[in-house]
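# Report on the structure
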Amino acid sequence: MRRALAVLGFLAAASPAYAYQNAIWIPGWGSAQLTSIQLNAGALNETNPVWYGWNSDSSLRLKTNAENPTWRAAMTGTLVIPTVQNTTSNGFDGAAVANVLSSAASREAHAAVIAQLAIAQAYDGIDIDYENITAAQQANFTAFLTTLADKLHAAGKKLSVSVYGKVGAGDTWSGPGGEDYSAIGRLADSVKIMAYDVHWSTSDAGPIAPLAWLDQVATYAEATIPAQKIMMGLPFYGYDWSGRSGTDVGYAQAMQTALSNGATVTHDVNGEATYTYSGRTVYFQDATSYQKKIDMLKQKHPSIGGFTAWAAGQEDPEIWKVIKGSAVVGATPAVGDFLLSGPSSMTAFQSMTSSASYSLTAVNGFSSTASVTTTSPAAFTGSVSVSASTVRANGSVTLMVAPAATTAPGSYPIVMRFASGSIVHTQTVSVAVVAPSPSGTPSRRRTVRG
C-alpha cells in the first residue's frame, strides 16, 4: 500500500459527544514495526497488520510475520482487522484482480476464502486493499465487495476497504477509477482513504499530502461516503529525491541523513519537514506535520470517523503524543497562512500575450490580503505584469507575459512573490518562449493531464 498501503491512525475525541477512532497499518517488515505497536497499541482502537497477499494462482499467501503470535499479542485490546492485498510477484496486480473477479463464480469463491480466514483466525474483520483496478473493472469489484460484505457480516465480522484518495468523480485513472466511493461507503463498515503521494517516487520533489489537497479529498469523501465511516489515512513516511527518482524514507532515516550531511530541517507551508543536500531534496513527516494535518481535518471535517497512517515503524515517536493527546476538535490553534495554486509552466509566443491564473487559498483562518510582485531575468525582453497588485484570501490574480519579437526562444523563470506581513510565498513559473508558426499564429496544441 503506498499509493495504496496506508496506516491509518484513528484519533481521540472531537467533542464530549463524539469520539474519533484511531487505527494503523502494520507491515511485517521488521522489529521497528513490532516495537511501535508494542509501545503504542493502547492509543489505538484498531490494528491492520498487512499479513496477506496473493500467490501466482491468486490464492492467498502469508506475508512476512503473518499470524505471528508475538505480533498478534502486541495488538491485544484493539480490533484486529488484517489487510489482504492483491500483491503478487508483479506488485499490486490489477490484471490478477480482473481475472479473479471476472465472474460471479470466481468472486463467490474468492470471498468465501477470505471470510473463512476471518472466522478460522478469530479476526474482528478484514481490510481489503486491492489496487491498480481499472475503471472497466469497477462493477466487478463492487460486486465482489457486496458478496464479501454479506459473508463477513453474517459471521459478525467487519469489512474495511482501503481506497485511493481522490478529489472528484473525474479521477478515473487505474486505481481510483476502479473504486465506487458511494457503493463502497454503503457496503463497508469503514473506508480508509489513502490520502498521500501527491508527490511520489517518480515525480518531482514536493509535499506528500499538502493541506489544500487533503481538504479536497476529505470534502469529496464526505459527499459520497457516510462521514462516520471515513478514516483519513495520513503518511508517516517521506521521500529522498534526486531529480524525479525518489527513495522511501522514514523519520529516523531522514533525520540521520540530515545530521550526516549538515542539512537544516525546515517546514513548508503544509508543515512537512524538508531539507536539501548534495543536489537532493527530502520531504518527510514529523510530529509538526502530523499535528498540522490533524488540526485542519478536525477544524474543517469534524464529523469524519477517524484517522489511520502508513505505516507503523516509520513515524516520529512524538506523533504518538499527538494521537494520545488529541482530545478536542482544534486542540492546537493553528497559525493563519495561505497556499498558492496555479501552473508552474506556460508557453508564450513572441509578440503575443499569454496569461495564467493563480489562486491564494486561505489556511487556518487567514483572512488578509497579499501583495503581488514579479521579477524576470535580464535576458527576457518584453513585459510581465499581474492583473492586480494585491489579492485577497481565496481570491486569484492573473499573470500576463508578453515576450517581445526580439526575445530569444527558450525557457525563462518568472518569479511571483506573494507577501502578507511576515508570510511570504513565491511561485516560479517557467515560461517557454517560442516563435509563432509560419502563418503568424500559434499552432494548435493539446494538453494531456496525466
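Residues numbered from 1 in each chain as written. Predicted model: local features only at pLDDT ≥ 70, side-chain atom pairs only at ≥ 80, totals over all residues. Heavy atoms only, no water.

Across its full length, the protein carries ten helices and 28 strands. Taken over C-alpha atoms, the radius of gyration comes to 24 Å for the protein, in line with the 22 Å a tight globule of 450 residues would show. Here the C-alpha coordinates of the protein stretch approximately 75 × 50 × 45 Å along the principal axes. Relative to its full complement of 450 residues, the protein shows a buried share of 50%. For the protein, contacts bridging at least 24 residues in sequence account for 71% of all contacts bridging at least 6. Split by element, the accessible area of the protein, about 18,400 Å² in all, is 52% carbon and sulfur. (Helix = DSSP H or I, 4+ residues; strand = E, 2+ residues; numbered from the N terminus. Rg over C-alpha atoms; globule rule 2.2 N^0.38 Å. Buried < 20%, exposed > 50% of the residue type's maximum accessible area, 1.4 Å probe, protein only. Contact = heavy atoms within 4.5 Å. Areas by Shrake-Rupley, 256 points an atom, 1.4 Å probe, with all protein chains shown as cover.)

With that out of the way, let us pick up the sheet that holds strand β14 (residues 238-242). Sheet architecture is open: five strands sit in the order β15-β14-β18-β17-β16, paired in antiparallel fashion. Edge positions in the sheet fall to β15 (245-249) and β16 (266-267), since each of these pairs with one other strand and no more. Here β14 pairs with strand β18 (residues 280-284) via three bridges, running antiparallel. Within the sheet, the bridge partner assigned to W241 lies in β18 and is T281. (Pairing = 2+ DSSP bridges.)

Once that is clear, we can look at helix α4 (residues 104-120). Under the 1.5 Å per step criterion, the end-to-end length of α4 is 24 Å for 17 residues, consistent within 8% with the ideal 24 Å. Within the span of α4, buried status applies to R107, H110, A111, I114, A115, L117 and A118. One side of α4 carries all its buried residues, which in axial view fall inside an arc of 150°. Those residues of α4 that are exposed and aimed more than 90 degrees away from the buried face are A105 and A120. Buried positions along α4 lie against β4 (46-54), β5 (60-62), α3 (94-100), β10 (125-129) and α5 (138-154). Where α4 ends, the next residue or the one after it, A122, has phi of about 55°, a positive value. (Expected span 1.5 Å × (residues − 1). Arc of directions from axis to C-beta.)

A few words now on unusual backbone geometry. For the bond from W310 to A311, the omega torsion is 5°, close enough to zero to count as cis. Mapped onto the fold, A311 is located in the loop between β19 (306-310) and α10 (319-324). Its identity is not glycine, yet N65 carries a phi of approximately 65°, on the positive side. Structurally, N65 can be placed in the loop between β5 and α2 (69-74).

Running from N to C, α4 and α5 point in directions that differ by 40°, and their axes come no closer than 9 Å. Crossing of α4 over α5 shows right-handed handedness. Across the interface between the two elements, R107, E108, H110, A111, A112, I114, A115 and A118 from α4 touch N140, A143, F144, T147, L148, K151 and L152 from α5. Of the residues in the contact of α4 with α5, the class split is nine nonpolar, three polar and three charged. (Axes fitted to C-alpha atoms, helices over the stretch in contact; angles between N-to-C directions. Left-handed = near helix turned anticlockwise from the far one by under 90°. Nonpolar A, V, L, I, M, F, W, Y, C, P; charged D, E, K, R; others polar.)

In terms of nonpolar packing, the biggest core is built from 74 residues, with I128 and M232 touching the most fellow members. When near neighbours in sequence (up to four residues on either side) are disregarded, I128 contacts V84, I114, F141, L145, L148, L159, S160, V161 and S162. Membership of the second largest hydrophobic core comes to 23 residues, among which are Y358, L360, A370 and V433. (Core = buried A, V, L, I, M, F, W, Y, C linked by side-chain atoms within 4.5 Å.)

Before going further, it helps to examine the packing of aromatic side chains. Counted according to the given criterion, the structure contains 19 aromatic pairs. With a centroid separation of 5.7 Å and an interplanar angle of 80°, the aromatic rings of Y237 and Y239 are classed as edge-to-face. With a relative accessible area of 0%, Y237 lands in the buried category. Geometrically, the ring pair formed by Y275 and F284 is edge-to-face, given 6.1 Å between the ring centres and 75° between the ring planes. (Phe/Tyr/Trp six-rings, centres within 6.5 Å; stacked < 30°, edge-to-face > 60°.)

The next subject is the sheet that holds strand β21 (residues 345-349). Taking strand neighbours across the sheet as the criterion, the five strands line up as β21-β28-β27-β23-β25 in an open arrangement whose pairing is mixed. Of all strands in the sheet, those with a lone pairing partner are β21 and β25 (390-392), marking the two edges. With strand direction ignored, the average angle separating the axes of adjacent strands in the sheet is 30°. Pairing of strand β27 (residues 410-420) with strand β28 (residues 423-434), which is carried by eleven bridges, proceeds in the antiparallel orientation. For R417, the partnering residue across the bridge sits in β28 and is T426.

Now for the pattern of salt bridges. When the charged atoms of two side chains lie near each other, side chains of opposite charge can form a pair. For the structure shown, the criterion picks out seven salt bridges. Note that E108 and K151 form a salt bridge whose closest N and O atoms lie 2.6 Å from each other. Pair noted here: E108 is in helix α4 and K151 is in helix α5, with a separation of 43 residues, a long-range link. The exposure class of E108 is partly exposed, given its relative accessible area of 36%. On the basis of relative accessibility, which here comes to 25%, the residue K151 falls in the partly exposed class. (Salt bridge = Lys/Arg side-chain N within 4 Å of Asp/Glu carboxyl O.)

Remark: helix α7 (residues 211-224) packs on helix α9 (residues 287-300), axes separated minimally by 10 Å, with the N-to-C direction vectors making an angle of 40°. In terms of orientation, α7 lies oblique with respect to α9. Crossing hand, α7 versus α9: right-handed. Contacts between α7 and α9 involve L211, L214, D215 and A218 from the first element and K292, K293, M296, L297 and K300 from the second. (Parallel < 35°, antiparallel > 145°, perpendicular 65-115°, else oblique.)

Where the model shows low pLDDT, its predicted coordinates should not be examined in detail. Per-chain confidence: the protein averages 89 in pLDDT, with 90% of residues scoring 70 or above. The low-confidence segment residues 3-18, where pLDDT is below 50, has 106 contacts with residues more than four positions distant or belonging to other chains. Taken as a whole, residues 327-334 scores under 50 in pLDDT and shows 19 contacts with residues more than four places along the chain or in a different chain. (pLDDT = per-residue confidence, 0-100.)

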